[in-house]
Amino acid sequence: MARRPDRIRIEVFGPAEAETAEDAFRPSNDTIRSLARLIGRQMAREQFERASALERKQARQNRSGPMR
């Protein structure tokens, strides 16, 4: 069995070209915004589905009404 290294070595490289910090991070900002938009839409969709399910449940209970 091969011995596994105790530590993982990670190297960080800077931008290949001389860019300003704003230009260097612009694509990642756009990506983050897109991802945040998708997550927000998913959360809204789930909240809407929960509210709709609750309304349907209450409507079923109101239709059946109390037994006399």
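Everything numeric here is computed off the predicted structure, so don't read it as measured data.

J.: I keep staring at a positive patch on the surface and nothing clicks. Help me out?
T.: Where like charges cluster on the molecular surface, the positive patch consists of R56, K57, R60 and R63. Counting through the fold element by element, R63 comes out in helix α1 (residues 21-64).

J.: Looking at this structure, how should I read the pattern of salt bridges?
T.: If the charged atoms of two oppositely charged side chains come close together, the side chains can form a pair. Going through the model one piece at a time under the given rule, you end up with one salt bridge. When the shortest N-O distance is used, the salt bridge between R33 and D30 registers 3.5 Å. One end of the pair is R33 and the other is D30, both in helix α1 and three residues apart, which spans about a single turn.

J.: What should I look at first to understand a nonpolar patch on the surface in this one?
T.: A contiguous nonpolar patch, built from L35, L38, I39 and M43 and spanning about 410 Å² of accessible area, is present on the exposed surface. Here L38 lies in helix α1.

Quick notes on the rules
Residues numbered from 1 in each chain as written. Predicted model: local features only at pLDDT ≥ 70, side-chain atom pairs only at ≥ 80, totals over all residues. Heavy atoms only, no water. Patch = residues over 30% accessible without salt bridge, like charges linked within 9 Å, V, L, I, M, F, W, Y side chains within 5 Å. Areas by Shrake-Rupley, 256 points an atom, 1.4 Å probe, with all protein chains shown as cover. Salt bridge = Lys/Arg side-chain N within 4 Å of Asp/Glu carboxyl O. Lys, Arg positive; Asp, Glu negative; His and termini not counted. Charge placed at Lys NZ, Arg CZ, Asp CG, Glu CD. Helix = DSSP H or I, 4+ residues; strand = E, 2+ residues; numbered from the N terminus.

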